[in-house]
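Observations on the model geometry
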Amino acid sequence: MVGSEKKSLVFAYYVTGHGFGHATRVVEVVRHLIQAGHEVHVVTGAPDYVYTTEIQLPRLFILFQVLLDCGAVQADALTVDRLASLEKYIQTAVLPRDSILATEVEWLKSIKADLVVSDVVPVACRAAADAGIRAVCCTNFSWDFIYADYVMAAGYHNRSIIWQIAEDYSHCEFVIRLPGYCPMPAFRDVIDVPLVVRRLHKTREQVRKELGILDSQKVLIYNFGGQPAGWKLKKEYLPEGWICLVCGASEDHEVPSNFVKLPKDFYTPDAIAASDVMLGKIGYGTTSEALAYKVPLVFVRRDYFNEEPFLRNMIEHYQAGVEMIRRDLLIGHWAPYIQCAVALKPSYDGGANGGEVAARLLQDTALGQYHASHGLSGARRLRDAIVLGYQLQRIIGKDIAIPAWYSLAQNELSSRTQLPNKEVVDNSSLTKENDYFAILHGDHQGLPDTLGFLKSLAEIQSSCSPQNNNKFQTREHLAAAAMFNWEEEIFLSRAPGRLDVMGGIADYSGSLVLQMPTREACHVAIQRNHPSKQKLWKHAQARQPKDGCTAVLQIVSFGSELGNRGPTFDMDLSDFVEDGQPITYEKAYNYFARDPAQKWAAYVAGTILVLMTELGIRFEDSISILVSSGVPEGKGVSSSAAVEVASMTAVAAAHGLNIDPRHLALLCQKVENHIVGAPCGVMDQMASTCGEADKLLAMVCQPAEVLGLVDIPPTVRFWGIDSGIRHSVGGSDYKSVRVGAFMGRKIIKSAASVELRSSLSNISSAQQINGFNPDEADEDSKDLLEMEASLDYLCNLSPHRYEASYATRLPESLSGQEFVEKYLDHDDSVTKIDKERNYAVRAPTRHPIYENFRVKAFKALLSAAPSNDQLSALGELMYQCHFSYSACGLGSNGTDRLVSLVQEMQHSKSSKSEGGTLYGAKITGGGSGGTVCVVGRNCLRSNEQLIEIQQRYKSATGFLPYVFEGSSPGAAKFGHLQIRLRS
């Protein structure tokens, strides 16, 4: 480092135990520190050759195999085990925390460290603080962000792990943030640096000569980082004439003649720079070296690793990446991807001297300089982390700076979907796009989002034109443009999300529910073609049999950039058939679950299998489907139901099927329950299918009896406010509450059966002794007990009967083992009891019984004369519902805060003087985050108060919530459009 100080400093550098990517970038920073005359002690779990092949200097001290965290536990190079990751972190860093801190504090003092650097070990920051030493992190992600998604799978009892990690990071002075970064709100401040990339030791020519590779030969490097990819390799996997360099292969791993195993200590950057294409997973080391050396990367997604979407967006922005689906990796269908990648011209032109820049920052900090601005305090950033949870949140402007490679994907999505509180779309500008299409059937009804979707289709079609000058096209746009025959007919469907006004999770217990379709909706465009005429993507073409054509399903999902899911999916429709019959739902679940990056396709493709299974439909033609949803995911407004309903409606329309709306909703529920594997009730699909604009759909979920539509009085209005905390009906909390409710029903039925037998025995004894017949009261009691002993739905039990006969008989909680031993099963076809888990029983059982009563009262109140008392009573019922959710364990910090803000607004002096405006609020859907439903007076002042609540929530959390406002027709009311490109 030019201009470095003469004083020799001591750095303690902690490296996370996950993979090699962290260690390899640390090498580059450490090299510059040592060259400047400083002493560096590295605490690492990586093998020594990772460091010693690059640094062989006396000032480097390495403490090998010291694990203070564990990263993500991987079964193989692509598979992350979320539950095992949390469990190992608990064993590695939580249980021995006190001893770790004591040991590290003592060691830091013994080496007289001037600065602690962490990449990105949480406890190192806290140890530095306890030792009175300044600390800096250097990373592109933090473990609290990665683990946040794992907590969704493991349950909120693990939230303390996230909080502790975030608190540890808050002791760090600032973070040196690398390109491709994730949101990291736990840190006080950030300083951005260029790519940190290891330098090259040899030229491309030198490496090829050493390995015996001709300059004219094409070379693929097979590189999955520190995780050995021990899959069987075959000669035919490569295009003709190519050879493949294999990194990380074990000694006993046999490879074909066109594959070359590299020695374990071979310097990987040299091998990458000498190659034409790299095949691997997306990690920081792989991505940075692919960009720096301009080597195209064919990548395969890892499941449940939240760092990946940000790195993927960056590498695609610089035209350096091609995605391979996992199935094609495993079966050796590589050639189409390799040939596509080798044609790329990677365009990264940024700096690659991040190691030098980071080393200078560390040196300056150790010498006492202060780089941090303290614009956002650690406590503030930590509060953001705790309140929001920021589970997979992708919020524009949420972090300090958003570079082009990150904002690009968000801006692309923003142009297609209705974002919160945006101005109304100008319909006149959109209708011009309809000049591109003739509408042969149906009516777009002037809906702005439908007109916007038609505009998107027109833009996609025009991108096929040679005159199109748009240099950057997202992969999903290119894929959509390439799969439609634009001269043929296309069918369009639309299905809204739903705002759960009342009923919520009581649907699976048979409650009355009241649901309002949202303004936001999902659109699906579908086209069917004879297999010989379908336009196929290159890798799908290569899969076709040589002696004919097979029907293929191709799906493109808009908006995939913001989540770690593939934008495209394809399969042979014959995969849904086995021995001439549709495959079982269990096999279909496993088919989609094997690649989490493409599991989303189950919501769409699953509709086809359900139609095959339940209605006997056979699909002989190929099918191309484009899905574009404006219903935000994870907000508790039924984004999944909207996708299912829109998909099945479109499939039915394209194939001339006339399915009753109620039946279609029930079929869509089968998709979610059995193919996706989420144990939801049917109200979501029913509301999306049968709802109407500005009305509440009243339905008794036994299983799906529509009572009719309830008019919303002109004086009453409903809104939804997003808490920013991701909700999932597939999450363990929702499942455990459902299991607890069904346990409670089984216990009630068992208790009623015992009492019935006792009652019949007493009556029989009295007849024998006294010779008289039972009176009418005895008969009524017997009938009541018979009904309760065969209780189909909890909601058929009245609150007074529950309190009189069963409330005290239900345990607060019960282990799965105890329940199974006594009652065998809970009689729920979509959930399973975990014998090792403890389940709450009383609260989940009580909730639907009382909720059904509340919903009936709510429905009756809507038809009452308008008054403040009417609004107050509606609001009170909502509040009761909200707190009942919390008693079940389905609350969240964010939704509780929003409900509290509504209460504060309702009881403020200004609201009382104006006669009240907002009257109540409740958490919705499956709970545990998501959206809050608010009821209030339909007036301008109510909207002003909602804006004030938005601002207060943002002040407390840093997140400006989305407001769901307005309504739109359900899928049945909208029907479908049949369009053709105008000549």
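By the naming in an unreviewed UniProt entry, the chain is L-arabinokinase-like isoform X1, taken from Nicotiana tabacum.

A count of helices and strands for the chain gives 35 helices and 30 strands. When each of the 983 residues of the chain is scored for burial, the buried share is 60%. In the chain, once contacts between residues fewer than 6 apart in sequence are set aside, the share between residues at least 24 apart is 73%. Carbon and sulfur atoms make up 50% of the accessible area of the chain, which totals about 36900 Å².

With that settled, the discussion passes to the pairing of strand 21 (residues 622-629). Of all 8 residues making up strand 21, 7 are buried, and the element is well covered by its neighbours. Relative to strand 21, strand 16 (residues 512-529) runs antiparallel, the two sharing 8 bridges. If you follow Arg-528 over to strand 21, its bridge partner there is Ile-623. Bridge analysis of strand 17 (residues 552-557) against strand 21 gives 5 bridges, and the strand direction is parallel. Pairing of Ile-555 across the sheet is with Ile-625, part of strand 21.

This part covers the sheet that holds strand 24 (residues 716-722). The strand order across the open sheet built from 4 strands is 27-28-24-29, with neighbouring strands paired in antiparallel fashion. Edge positions in the sheet fall to strand 27 (918-923) and strand 29 (963-964), since each has one partner strand and no second. Taken strand by strand, helix 31 (residues 868-888) contacts strand 24, strand 27 and strand 28 (931-937), and its axis lies near 20° from that of strand 27. Its contacts with the sheet put helix 32 (residues 893-906) on strand 24, strand 27 and strand 28, and the angle it makes with strand 27 is roughly 170°.

It is worth spelling out the packing of helix 28 (residues 799-806) against helix 30 (residues 842-862) at this point. Contact pair helix 28 / helix 30: the axes reach a minimum separation of 9 Å and the direction vectors enclose 150°. As summarised for this structure, helix 28 and helix 30 are arranged roughly antiparallel, according to the angle between their axes. For the pair helix 28 and helix 30, the contacting residues are Pro-799, Tyr-802 and Glu-803 in the first and Arg-842, Thr-845, Arg-846, Ile-849, Tyr-850 and Phe-853 in the second. Tallied by class, residues from the contact of helix 28 with helix 30 come to 5 nonpolar, 1 polar and 3 charged.

Our focus in this paragraph is the nonpolar core. In this structure, Val-501, Met-502, Leu-696, Phe-718, Tyr-802 and Phe-858 are the most contacted members of the largest nonpolar core, which totals 60 residues. With 11 residues, helix 26 (residues 732-770) is the single largest residue contributor to this core. Contact partners of Leu-696, with chain neighbours within four places excluded, come to Val-501, Leu-514, Gln-515, Met-516, Gly-708, Leu-709, Val-710, Ile-712, Phe-718 and Leu-862. Among the nonpolar cores identified, the runner-up in size contains 59 residues, and Val-29, Val-196, Ile-315 and Tyr-348 belong to it.

Take the pattern of salt bridges next. Inspection of every chain in the model, using the stated rule, returns 38 salt bridges. Arg-301 is the partner of Glu-323 in a salt bridge, and the nearest nitrogen-oxygen pair spans 2.6 Å. Residue Glu-323 is found in strand 13 (residues 321-323), and its partner Arg-301 is found in the loop between strand 12 (297-300) and helix 11 (308-317); the two are separated by 22 residues along the sequence. Side by side, Glu-323 and Arg-301 carry an identical accessibility label, which is buried. The partner of Asp-449 in a salt bridge is Arg-494, with the nearest N and O atoms 3.1 Å apart. Of this pair, Asp-449 sits in helix 18 (residues 448-462) while Arg-494 is found in strand 15 (residues 490-502), placing the two residues 45 residues apart along the sequence. Neither residue differs from the other here; Asp-449 and Arg-494 are each classed as buried. Because the salt bridges share partners, they merge into one network encompassing Arg-327, Arg-543, Asp-570 and Asp-572.

Here we come to the sheet that holds strand 3 (residues 60-63). Reading across the sheet, the 7 strands line up as 3-2-1-4-5-6-7 and stay open at both edges, with parallel pairing between neighbours. Among the strands making up the open sheet, the edge pair consists of strand 3 and strand 7 (190-192). The sheet shows a mean angle of 20° between the axes of neighbouring strands, taken without regard to direction. As judged from the 3 bridges shared by strand 4 (residues 115-119) and strand 5 (residues 135-139), these two strands associate in the parallel manner. In the strand pairing of strand 5, Ser-118 is matched with Cys-137. Lying on the sheet, helix 4 (residues 97-110) is in contact with strand 1 (10-15), strand 2 (39-43), strand 3 and strand 4; it crosses strand 1 at an angle near 150°.

So, how was this worked out
Residues numbered from 1 in each chain as written. Predicted model: local features only at pLDDT ≥ 70, side-chain atom pairs only at ≥ 80, totals over all residues. Heavy atoms only, no water. Helix = DSSP H or I, 4+ residues; strand = E, 2+ residues; numbered from the N terminus. Buried < 20%, exposed > 50% of the residue type's maximum accessible area, 1.4 Å probe, protein only. Contact = heavy atoms within 4.5 Å. Areas by Shrake-Rupley, 256 points an atom, 1.4 Å probe, with all protein chains shown as cover. Pairing = 2+ DSSP bridges. Axes fitted to C-alpha atoms, helices over the stretch in contact; angles between N-to-C directions. Parallel < 35°, antiparallel > 145°, perpendicular 65-115°, else oblique. Nonpolar A, V, L, I, M, F, W, Y, C, P; charged D, E, K, R; others polar. Core = buried A, V, L, I, M, F, W, Y, C linked by side-chain atoms within 4.5 Å. Salt bridge = Lys/Arg side-chain N within 4 Å of Asp/Glu carboxyl O.

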